[in-house]
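These are the residues of each chain, in order.
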Amino acid sequence: MRNISYCEALNEAMAQEMQADPDVFVYGIDVADHKRVFGSTKGLLEKFGPDRCFSTPLSEDAMTGFGLGAAINGLRPIHVHMRVDFMLLAMNQLANMISSYRYMSAGRLEVPMVIRAVIGRGWGQAFQHSKTMHCCFAHIPGLKVVMPTTPRDAKETLVAAIRDDNPVISIEHRWLYDVEDEVPEEVEPTFLGHGRVLKQGCDITVVATSWMNIEALKAAEILAKHGVSVEVIDPVSICPLDEELITDSVTKTGHCIVADNDWVYAGFGAELAAIVSEKCFGTLKSPVARIGFAQTPCPTVRHLEQEFYPNAIDIIETIEQKLDLEETDLSGEDFYSYENKFKGPF
Amino acid sequence: MKTNDTRTELNLELYRMLYLIRTCEETIVEHYFEDEMKTPMHMSMGAEAISVGICQALRPEDHVFGTYRSHALFLAKTGDTDDFFAEMYGKDTSSLKGKGGSMHLCSPDHGFMGASAIVASAIPVAAGCAFANKRANNGKLVAVFFGDGAADEGCFWESLNAACLMKLPILFVCEDNGLAVHTPKSCRRGYSSLVDVVSKFNCIAHEHKTTDAEAIYELTSELIETMKNEQKPGFLRLEYCRYLEHVGVQQDFEAGYRSVEEFEQWYKFDPVALQRKKLQNLGYQTDNIKRLETEIEEGVSRSFSKAKNASFCEVSELYKEVLV
Ligand SMILES: Cc1ncc(C[n+]2csc(CCOP(=O)(O)OP(=O)(O)O)c2C)c(N)n1
Ligand SMILES: [Mg+2]
């Protein structure tokens, strides 16, 4: 198998599905400009023409409803937002229309629509270009929400999302775009709702979302050197959720930390903590712990932003507390600084 | 030129539908107080000529989208009184099994693609539906109906802009009763003429103040021709008088936000009565009209009784049709 980037994986998924199904089209603000949404829509205009890959007016609300209308009338739209934050202008279409259209037509109209949206971080993204919002979307019945971390999952979930007859929101972290890994050329037919064990372990379970998996894997790698075995689980899909994968792991380890790429309060971590305590109560050796953003808007300046985002060290410290470990010697550890790669501006 | 026969035939068809819609709504008015139709009724009474005239100009395979005030549109497009009353009662016999109610009618098989109770929110959906029709090159037209209040919403302008940019086969229909709930346009708008503003977009915009379904049919048919020839969206603003309160089945002139005189002025040209008179002027026998009316009344009454007597769906239905 060859290595490709997360961004290339997304691009390949769309190109292959557009090739296979002429009803698939991709649209959104600046989807067809020379930058092609960080490269993720590269080549699609050339290959499939302006009818199937086009930029739109700056009308997130209407263009989301537009996708719904196309979807109930035979097409399979992929709507792209350069930031999740912009998609909030379409909350009405998401929460009032798309989520309930199948229901309000008693199943006679289907909504095979995909909405891709990017989470920003770093280099001054600040409070209006950095949100995740997955818990808000997943809260609404009738929407599926996925958040792939690995390039392979990026491709597989996007293919599955495009083939899915339900509306699917796919949330992609900007920092993951350059991550390279093995990705199969042909994707097996798959469906949404599979989580993935990114690293096996037996002492403690860390359930992480999106970029927080990178931090969790780093924490696991460091602790492994000190004899602590951390299991890292990426739910990949927020809704539907692979509950069994998570509860099986927690039943095995007895400890659960949720490291969510979002604020903690009333978030996905709270949902997961509830599920774990309902399903694993007898086997839990400690309460579920939650790690996430500081409960503030996201700041611009670097040193405050550093404080705003949780990282591998926060995860290590939480694990130490749970397992009653000595403080880990972190000297000599090379913590991933994404700024070596991501030089902004977007 | 139409021969007298075909004109009579057209007007007969228009009357049949106008009378059917009026009879259905009068039946609702008569029985609403029994408190069995537990759904907020936004009545079409007074507006019937718009839906009837436009749907007559559409073909059965064309698509329409409506609002919470869509009794007339639903009936004009589907003619399905069984489904209509079953949904008003929320019964198992309705294709929606009571999940929608008066505000969320839907009948895709008849091209009625849905109705939204969020002001303006079906307009972009209609645009997307038109985009799919254009892509399929199937010649189908989409007509999206909304009130004057919808033009206060950004979503309307966003959708109009996108539809004009993309040259979509879509007809925007503004059913203008001058009111959003109880607030007149003068309290909501920083401009005077909607059609003036809309006509600055690359579309064909017309307006008319009439209760004559035939006139609306003619206007719409011509507009559709021009839209096809010029490959542009169309926009129609049609004025009417809402006979009843915003929601509910009573009149509320005593509330003072509008004058009963204005209503009386409009009522002289009530769309149903006007159409009846026209048939008589065309030489259609009053006896025949009465026979037609009786036939319609009996049909409506049958649909009504069936719905009233039907049972509710299984409770397990609650969880169905959320996701595939
Ligand atoms: C987005 C939104 N805002 C407010 C409301 C509450 N509301 C329901 S109907 C209505 C008035 C709409 O007026 P108009 O579009 O002219 O339609 P009409 O009722 O006159 O047919 C309002 C404000 C709503 N349903 N949706
Ligand atoms: Mg109005």
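Predicted model, so just to flag it, every value in this text is computed and none were measured.

1. Notes on the site of ligand 1
Residues and elements named next belong to chain B.
- Around ligand 1, a shell composed of 15 residues is seen, among which Tyr68, Arg69, Ala117, Gly149 and Asn177 lie nearest.
- Interatomic distance of 3.1 Å between a backbone N/O atom of Val119 and a nitrogen atom of ligand 1.
- Taken by itself ligand 1 offers 580 Å² of open surface, and the protein chains cover 72% of this.
- Of the residues that constitute the shell around ligand 1, the class distribution is 8 nonpolar, 4 polar and 3 charged.

2. Points about the pattern of salt bridges
Residues and elements named next belong to chain B.
- One pass over the full model with this rule turns up 44 salt bridges over all chains.
- The residue Asp252 makes a salt bridge to Arg258 at a minimum N-O spacing of 4.0 Å. The same class applies to Asp252 as to Arg258, namely buried.

3. Section: the sheet that holds strand S3 (residues 142-147) of chain B
- The 6 strands are arranged S2-S1-S3-S4-S8-S7 (chain B) in an open sheet whose pairing can be described as parallel. Here the strands that pair on one side only, and so sit at the sheet edges, are strand S2 (112-116) and strand S7 (204-209) of chain B. Across this sheet, the average inter-strand angle for adjacent strands is 15°, counted without regard to direction.
- Across 6 bridges, the pairing between S3 of chain B and strand S4 (residues 170-176) of chain B is parallel. Following the sheet pairing, Phe145 of chain B is matched in S4 of chain B by Val173 of chain B.
- Those strands touched by helix H5 (residues 91-104) of chain A are strand S1 (63-67) and S2 of chain B, and its axis lies near 125° from that of S2 of chain B.
- Strands S3, S4 and strand S8 (234-239) of chain B of the sheet are contacted by helix H2 (residues 48-57) of chain B, whose axis makes an angle of about 165° with S4 of chain B.

4. Some points on the domain arrangement of chain A
All names here are of chain A.
- For chain A, the domain assignment lists domain 1 (2-183) and domain 2 (196-324).
- Averaged C-alpha coordinates put domain 1 and domain 2 at centres separated by 26 Å.
- Overall, the association of domain 1 and domain 2 removes approximately 2,300 Å² of surface from exposure, summing both partners, and the carbon and sulfur fraction of that is 59%.
- Applying the counting rule to domain 1 against domain 2 returns 2 salt bridges.
- Among the salt bridges present, the one from Arg196 reaches Glu156, with a minimum N-O distance of 3.3 Å.
- Those elements that provide at least two residues to the side of domain 1 that touches domain 2 are helix H6 (134-138), strand S6 (144-146) and helix H7 (151-163).
- The leading source of residues in the side of domain 1 that touches domain 2 is H7, at 4 residues.

5. Brief notes about the side chain of Ser193 of chain B
- Relative to the elements of secondary structure, Ser193 of chain B occurs in the loop between strand S6 (183-184) and helix H7 (194-198).
- Reaching out from Ser193 of chain B, the side chain makes a polar contact with the backbone nitrogen of Asp196 of chain B at a distance of 3.0 Å.

6. Points about the packing of helix H1 (residues 4-31) of chain B against H2 of chain B
Residues and elements named next belong to chain B.
- Two numbers describe how H1 lies on H2: the axes approach to 10 Å, and their chain directions differ by 135°. Looking at the two axes, H1 sits oblique to H2. With respect to the hand of their crossing, H1 and H2 are arranged in right-handed fashion. Residues Leu10, Glu13, Leu14, Met17, Leu18, Ile21 and Arg22 of H1 form the contact with H2, whose participating residues are Glu48, Ala49, Val52, Gly53 and Gln56.
- Of the residues contributing to the contact of H1 with H2, the split by class is 7 nonpolar, 2 polar and 3 charged.

7. Some words on the coordination of the magnesium ion (ligand 2)
Residue and element names in this part refer to chain B.
- In this structure, Asp148 (OD), Asn177 (OD1) and Leu179 (O) serve as the protein donors to the magnesium ion (ligand 2), at separations of 2.0 to 2.1 Å.
- Going along the chain, you hit the donors of the magnesium ion (ligand 2) in the pattern D-x28-N-x1-L. You can see Asp148 sitting in the loop between S3 and helix H6 (154-165) and its partner Leu179 sitting in strand S5 (residues 179-180), a full 31 residues away along the chain.

8. Some points on the interface of chain A and chain B
- Between chain A and chain B, the residue contacts involve 40 residues of the former and 39 residues of the latter.
- On the chain A side of the interface with chain B, the three residues burying the most area are Tyr103, Met104 and Arg108 of chain A, jointly 23% of the side's total.
- Across the chain A-chain B interface, the total number found is 1 salt bridge.
- One salt bridge in this structure joins Arg102 of chain A and Glu321 of chain B, with 2.8 Å as the shortest N-O distance.
- There are 14 residue pairs in polar contact (both at pLDDT 80 or more) connecting chain A and chain B.
- Counting only elements with at least two residues in the side of chain A that touches chain B, the list comes to helix H3 (60-71) and H5 of chain A.
- Sort the elements by how many residues they give to the side of chain A that touches chain B and H3 of chain A lands first, with 9 residues.
- For the side of chain A that touches chain B, the per-class residue count stands at 19 nonpolar, 11 polar and 10 charged.

9. Some words on the pairing of strand S14 (residues 289-293) of chain A
Residue and element names in this part refer to chain A.
- S14 sits mainly inside the fold: 4 of its 5 residues count as buried.
- One ladder, built from 4 bridges, connects strand S13 (residues 256-263) with S14; its direction is parallel. Among the inter-strand pairings, Ala259 is bridged to a residue of S14, identified as Ile291.
- With helix H10 (residues 268-280) bridging S13 and the parallel S14, this β-α-β connection has right-handed handedness.

What counts, and where the lines are drawn
Residues numbered from 1 in each chain as written. Chains lettered and ligands numbered in written order. Predicted model: local features only at pLDDT ≥ 70, side-chain atom pairs only at ≥ 80, totals over all residues. Heavy atoms only, no water. Near = heavy atom within 4 Å. Polar contact = N/O pair within 3.5 Å; in protein donor to acceptor, adjacent residues only side chain to side chain. Areas by Shrake-Rupley, 256 points an atom, 1.4 Å probe, with all protein chains shown as cover. Nonpolar A, V, L, I, M, F, W, Y, C, P; charged D, E, K, R; others polar. Salt bridge = Lys/Arg side-chain N within 4 Å of Asp/Glu carboxyl O. Buried < 20%, exposed > 50% of the residue type's maximum accessible area, 1.4 Å probe, protein only. Pairing = 2+ DSSP bridges. Helix = DSSP H or I, 4+ residues; strand = E, 2+ residues; numbered from the N terminus. Axes fitted to C-alpha atoms, helices over the stretch in contact; angles between N-to-C directions. Contact = heavy atoms within 4.5 Å. Domains from an automatic or database assignment. Buried area = accessible area lost by both parts, 1.4 Å probe. Parallel < 35°, antiparallel > 145°, perpendicular 65-115°, else oblique. Left-handed = near helix turned anticlockwise from the far one by under 90°. Donors = N, O, S within 2.8 Å, 3.2 Å for Na, K, Ca; no water. Right-handed = clockwise from strand over helix to strand, strands pointing away.

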